[in-house]
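Examining the three-dimensional arrangement
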Amino acid sequence: MNGKAEQTTRFIISTVAPIFNKNGYNGTSMSDITAATGLTKGAIYGNFKNKEDLAFAAFEFNIHLVVEKIKSELAPIESPLAQLRKLISFYRRYRHYTIDIGGCPIINIGVDANHQNSELLGRVQDVIQKLQYYIEKMIRNAQEAGEIKLDIDAHAASRSFFALIEGSIFMAVTMNDDTYIQQMMNLLDKQVDDMMR
């Protein structure tokens, strides 16, 4: 792929990623895509096999933005326990970080794709499993560092950790009330306190 084609592909993805995230797969029409990009349907299909292919790329683009932001906040921190606390702090401000892309791509696309697009749902599930794995790894690293009790089930803790995060985001968005997030992050802070040696 030459430089101009790559540039066009990136432009299309970055332009339509928030649209797919807000409207969902079925709710985003080709006319929405051509209107936003200023490109013809032929130009879009010259860069992507079909609308589904573009939806996958848009989801991955949005997830990449979120994950890179998390990585940038956690990277300077050496202590696994401090990283876990920083992750909680990040999610306290999560809606602020995702407002430009139309909200949480895991919730938006996960709910939209369920019963409608099994492959897209599978990609959401893969992301959830990876994020849960990274939380589990932080907990295990904290156990090895002597910061968290060894009898804590890191796998189970990571699943409940992530469920509380995403559940609180869902409630905050649905009820338009960020206190759901703040209350659940307070609860996670307490859970981390309870896990400490």
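No experiment lies behind these values; they were computed from the predicted model shown. (Residues numbered from 1 in each chain as written. Predicted model: local features only at pLDDT ≥ 70, side-chain atom pairs only at ≥ 80, totals over all residues. Heavy atoms only, no water.)

Moving on, we come to empty space enclosed by the protein. In the structure shown here, the tally under the stated rule is two cavities of 30 Å³ or more. Its volume calculated, the largest cavity comes out at about 60 Å³. If you go around the largest cavity, the residues you meet are Ala17, Phe20, Asn21, Gly24, Tyr25, Ala55, Ala58, Phe59, Asn62, Ile109 and Leu120. For the lining of the largest cavity, the elements supplying multiple residues, two or more each, are helix H1 (3–23) and helix H4 (51–74). Broken down by element, the residue count for the lining of the largest cavity peaks at four residues, all from H4. Partitioning the lining of the largest cavity into residue classes produces eight nonpolar, three polar and no charged. A volume near 40 Å³ is recorded for the second largest cavity. Only H4 and helix H7 (105–113) provide two or more residues apiece to the lining of the second largest cavity. Classifying every residue of the lining of the second largest cavity by side-chain character gives nine nonpolar, no polar and no charged. (1 Å grid on protein atoms, 1.4 Å probe; cavity = no way out; pocket = protein on both sides within 12 Å on 5 of 7 lines; lining within 4 Å. Points joined across faces, edges and corners; volume = space filled by probe spheres on them. Helix = DSSP H or I, 4+ residues; strand = E, 2+ residues; numbered from the N terminus. Nonpolar A, V, L, I, M, F, W, Y, C, P; charged D, E, K, R; others polar.)

Here the focus is the environment of alanine 156. With respect to the helices and strands, the residue alanine 156 is situated in helix H9 (residues 154–175). On the accessibility criterion, alanine 156 (40% relative accessible area) is partly exposed. Taking the C-alpha atoms as reference points, alanine 156 and glutamine 132, separated by 24 residues in sequence, lie 9.7 Å from one another. (Buried < 20%, exposed > 50% of the residue type's maximum accessible area, 1.4 Å probe, protein only.)

The next point concerns the packing of aromatic side chains. On inspection of all chains with the given rule, the structure shows five aromatic pairs. The interplanar angle of 85° and the centroid separation of 5.1 Å between the aromatic rings of phenylalanine 90 and tyrosine 91 together place this pair among those described as edge-to-face. Residue phenylalanine 90 shares its accessibility class with tyrosine 91, and that shared class is buried. Directly above the ring of tyrosine 25 sits lysine 51, whose terminal nitrogen or CZ lies 4.5 Å from the centroid. A cation over an aromatic ring shows up here: arginine 123 above the ring of phenylalanine 56, its NZ or CZ 3.8 Å from the ring centre. (Phe/Tyr/Trp six-rings, centres within 6.5 Å; stacked < 30°, edge-to-face > 60°. Lys NZ or Arg CZ within 6 Å of the ring centre and 35° of its normal.)

Counted under the stated rule, the structure contains 13 salt bridges. The residue lysine 71 makes a salt bridge to glutamate 68 at a minimum N-O spacing of 3.7 Å. One end of the pair, lysine 71, and the other, glutamate 68, are both in helix H4, three residues apart, so they sit about a helical turn from each other. Since its relative accessible area comes to 35%, glutamate 68 is described here as partly exposed. Through salt bridges with shared partners, a single network forms among Lys69, Glu73, Lys86 and Arg93. (Salt bridge = Lys/Arg side-chain N within 4 Å of Asp/Glu carboxyl O.)

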